[in-house]
Amino acid sequence: MERMETLESVGDILRARSDEFRDAVHQRFYQDVLEARQVFPISLRDTHRELAGAVAWVMERTPRTGALPPELLDTLRHLGRDHRRHGFPAEIYPAFAVALQHGLRTLEVPEVEAAGRAVELVCSVMAAAAQEADREGIAPVFSAEVQGVQRRSRRISVVRLEAGLPVDYRPGQHLPVTTSYLPGVWRMLSPALPSNDFGQLEFHIRTIEGSHVSQLLATPKVGDYWNFGAPSGGLSINGEQDVLMIAHGTGLAPLRAILFDMLDWPPERRRPRVHLFVAAEYPGELYDLMGLWNLAMVTSWLSVVPVVEHDTDPWWVGIAGDAPEVPRGLHLRVSGQVGEVVASYGAWADRQVLVVGEATKVHRTVAALIAGETPAANIQTEAWELADQWPRLQDGQ
């Protein structure tokens with residue numbers, strides 16, 4: 001079947017000249033909406049980093065008439081509800097549409113009129129969704145207070161917060177997070193606990209070399225307040241198939257939330273067998289291993305296998321004390337690349353497979369699983385840091 005002709009050529013230019021497009025949009029938007037500059041950080045490198053990619057994503061799926069196809073509308077409505085966290089009223093969207101059109105003209109994209117109609121429709125859909133959420137009384141943001149911070153290793157922290165009221169998210173989802181000392185800068189973090197009546201939240205944060213944002217999020221003070229936007233993401237299990245989970249580093253967080261949620265399933269609901277591989281570069285970065293082993297010992301459906309790339313810790317890993325001893329009857333630590341280790345067990349064709357963590361490692365693991373004849377259709381992924389939220393439209397899609 002021949003693919004519909006779209007505004008893909010506009011998307012190509014936006015992806016190739018993303019910074020130029022973003023700067024042109026900012027220039028016009030800040031000129032027309034003076035208060036906007038107070039909301040975003042001084043350094044523009046952390047602002048709207050995915051703006052060009054998001055607009056390109058729309059263009060690659062929009063016909064040359066500029067009319068939005070129905071299959072994009074749910075995504076755009078979610079964005080409209082989510083973007084309320086920035087503090088702008090829905091009435092601001094016409095000005096943002098003008099700024100986007102200015103950016104398109106600055107780049108001298110082909111079919112600029114159709115592309116301009118498309119972004120105007122995008123802003124209209126997002127504005128309507130934001131207004132609907134406002135009418136329904138859905139709060140654009142909520143806050144939680146930092147209750148405790150544990151440095152589990154030099155690169156990994158566990159941060160616990162409490163909102164005081166239930167926080168509406170599903171286990172396996174992630175939340176956009178910001179703080180008073182990171183104005184306008186939002187990062188996606190996955191809760192490591194399911195939602196509860198007290199709004200208790202736990203996040204596992206790995207500091208990234210050269211990233212002041214990750215460093216500040218990993219080292220808050222008790223009493224600090226974090227703000228959160230609407231949840232997104234869709235990692236889940238159906239309860240009907242057994243499950244393979246593979247956690248790269250702090251990719252454990254959303255999988256841990258799913259496991260703890262399973263503890264609260266009603267007795268009549270069958271709990272599938274879960275085989276969890278916890279991967280780290282060094283033994284000292286298996287930061288929640290004892291807790292997972294304790295959980296495995298009190299459940300009949302969970303097994304945990306720790307996997308490390310290196311057998312010993314370098315001096316800088318900074319773990320306090322010795323690595324925990326393996327409780328009797330549980331799996332010994334394995335060395336190697338976790339994808340190859342898991343694939344060595346054979347195909348996991350009868351399992352739901354969830355792989356979470358840093359993008360390069362996730363992609364390598366998925367490739368090893370598929371090479372070992374695990375069906376790609378069985379695999380759910382959440383690839384962090386290098387992930388592209390707005391991928392190009394591939395042939396056949």
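Residues numbered from 1 in each chain as written. Predicted model: local features only at pLDDT ≥ 70, side-chain atom pairs only at ≥ 80, totals over all residues. Heavy atoms only, no water.

Looking up the protein in an unreviewed UniProt entry gives the name Oxidoreductase FAD-binding domain, with the organism given as Corynebacterium testudinoris. The Cofactor (unreviewed entry) field of the UniProt record for the protein holds the comment "FAD". (UniProt positions renumbered as here; feature names shortened; annotations may be inferred.)

Caption draft 1: View of the UniProt feature "domain: FAD-binding FR-type" (unreviewed entry) in the protein. Per the UniProt annotation, the sites labelled "domain: FAD-binding FR-type" (unreviewed entry) are residues 139–238. Helix makes up 7% of residues 139–238 and strand makes up 36%, while its end C-alpha atoms are separated by 29 Å. (Helix = DSSP H or I, 4+ residues; strand = E, 2+ residues; numbered from the N terminus.)

Caption draft 2: A look at the environment of His-310. Position of His-310 among the secondary structure elements: in the loop between strand 9 (302–308) and strand 10 (334–335). Overall, His-310 belongs to the partly exposed group, its relative accessible area being 36%. With 193 residues separating them along the chain, His-310 and Arg-117 place their C-alpha atoms 54 Å apart. Setting aside residues up to four positions removed in sequence, His-310 forms contacts with Glu-281, Tyr-282 and Pro-283. (Buried < 20%, exposed > 50% of the residue type's maximum accessible area, 1.4 Å probe, protein only. Contact = heavy atoms within 4.5 Å.)

Caption draft 3: Highlighting empty space enclosed by the protein. Inspection of the entire model under this criterion finds one cavity of 30 Å³ or more. Reported here for the largest cavity is a volume of approximately 40 Å³. Around the largest cavity, the lining residues are Gly-249, Leu-252, Val-278, Ala-279, Glu-285, Leu-286, Tyr-287, Asp-288 and Leu-289. Here the lining of the largest cavity is built from residues that sort into six nonpolar, one polar and two charged. (1 Å grid on protein atoms, 1.4 Å probe; cavity = no way out; pocket = protein on both sides within 12 Å on 5 of 7 lines; lining within 4 Å. Points joined across faces, edges and corners; volume = space filled by probe spheres on them. Nonpolar A, V, L, I, M, F, W, Y, C, P; charged D, E, K, R; others polar.)

Caption draft 4: View of the packing of helix 2 (residues 18–32) against helix 5 (residues 93–106). Viewed as axis vectors pointing N to C, helix 2 and helix 5 meet at an angle of 140°, and their least axial separation amounts to 8 Å. Considered as vectors, helix 2 and helix 5 are oriented oblique to each other. Regarding helix 2 and helix 5, the two cross each other, and that crossing is right-handed. Across the interface between the two elements, Phe-21, Ala-24, Val-25, Gln-27, Arg-28, Phe-29 and Asp-32 of helix 2 pack against Ala-95, Phe-96, Val-98, Ala-99, Leu-100, His-102, Gly-103, Leu-104, Arg-105 and Thr-106 of helix 5. Looking at the contact of helix 2 with helix 5, its residues break down into 10 nonpolar, four polar and three charged. (Axes fitted to C-alpha atoms, helices over the stretch in contact; angles between N-to-C directions. Parallel < 35°, antiparallel > 145°, perpendicular 65-115°, else oblique. Left-handed = near helix turned anticlockwise from the far one by under 90°.)

Caption draft 5: Here's a closer look at unusual backbone geometry. Phi angles above zero are rare outside glycine, and Glu-108 is one such case at about 55°. Inspection of the secondary structure assignment puts Glu-108 in the loop between helix 5 and helix 6 (112–135). According to the relative accessible area criterion, Glu-108 is exposed, its value standing at 69%. Even without a glycine there, the phi angle at Glu-373 is positive, about 75°. With respect to the helices and strands, Glu-373 occurs in the loop between helix 11 (359–371) and strand 12 (379–384). Overall, Glu-373 belongs to the exposed group, its relative accessible area being 62%.

Caption draft 6: Just the side chain of Ser-190, in detail. Along the chain, Ser-190 falls in the loop between strand 4 (187–189) and strand 5 (200–206). In this structure the side chain of Ser-190 is engaged in a polar contact, spanning 3.3 Å, whose partner is the side chain of Glu-382. When sequence neighbours within four positions are dropped, the list of residues in contact with Ser-190 reads Gln-173, His-174, Glu-202, Phe-203, Ala-253, Pro-254, Glu-382 and Trp-384. (Polar contact = N/O pair within 3.5 Å; in protein donor to acceptor, adjacent residues only side chain to side chain.)

Caption draft 7: Representation of helix 2 in the model. Between its first and last C-alpha atoms helix 2 spans 21 Å; for 15 residues at 1.5 Å apiece the expected length is 21 Å, and the two agree. Restricting attention to buried positions, one finds in helix 2 the residues Phe-21, Arg-22, Ala-24, Val-25, His-26, Phe-29 and Tyr-30. Residues of helix 2 that are buried sit in contact with helix 1 (8–16), helix 3 (51–59) and helix 5. (Expected span 1.5 Å × (residues − 1).)

Caption draft 8: Representation of the domain arrangement of the protein within the structure. Each assigned domain of the protein is listed here: domain 1 (7–136), domain 2 (142–228) and domain 3 (243–384). Between domain 2 and domain 3, the residue contacts involve 18 residues of the former and 21 residues of the latter. A buried area of about 1,700 Å², summed over both sides, lies between domain 2 and domain 3, and 56% of it is on carbon and sulfur atoms. Taken together, the connections running from domain 2 to domain 3 amount to five salt bridges. A salt bridge links Asp-288 to Arg-152; the shortest N-O distance between them is 3.5 Å. Inspection of the domain 2/domain 3 interface yields 12 residue pairs in polar contact (both at pLDDT 80 or more). Breaking the side of domain 2 that touches domain 3 down by element, the ones donating at least two residues are strand 2 (156–162) and strand 5. Among the elements that line the side of domain 2 that touches domain 3, the one with the most residues is strand 5, at four residues. Taken together, the residues of the side of domain 2 that touches domain 3 sort by class into eight nonpolar, five polar and five charged. (Domains from an automatic or database assignment. Buried area = accessible area lost by both parts, 1.4 Å probe. Salt bridge = Lys/Arg side-chain N within 4 Å of Asp/Glu carboxyl O.)

Caption draft 9: Here's a closer look at the pairing of strand 9. Counting buried residues along strand 9, seven of its seven residues qualify, which places the element largely inside the surrounding structure. The alternating pattern of strand 9 places Leu-302, Val-304, Pro-306 and Val-308 on one face and Ser-303, Val-305 and Val-307 on the opposite face, and all of these are buried. Pairing of strand 8 (residues 274–280) with strand 9, which is carried by seven bridges, proceeds in the parallel orientation. Paired with Val-278 across the bridge in strand 9 is Pro-306. In this view, the connection linking strand 8 to its parallel neighbour strand 9 by way of helix 9 (residues 289–297) has right-handed handedness. Across two bridges, the pairing between strand 9 and strand 10 is parallel. For Val-308, the partnering residue across the bridge sits in strand 10 and is Ser-335. (Pairing = 2+ DSSP bridges. Right-handed = clockwise from strand over helix to strand, strands pointing away.)

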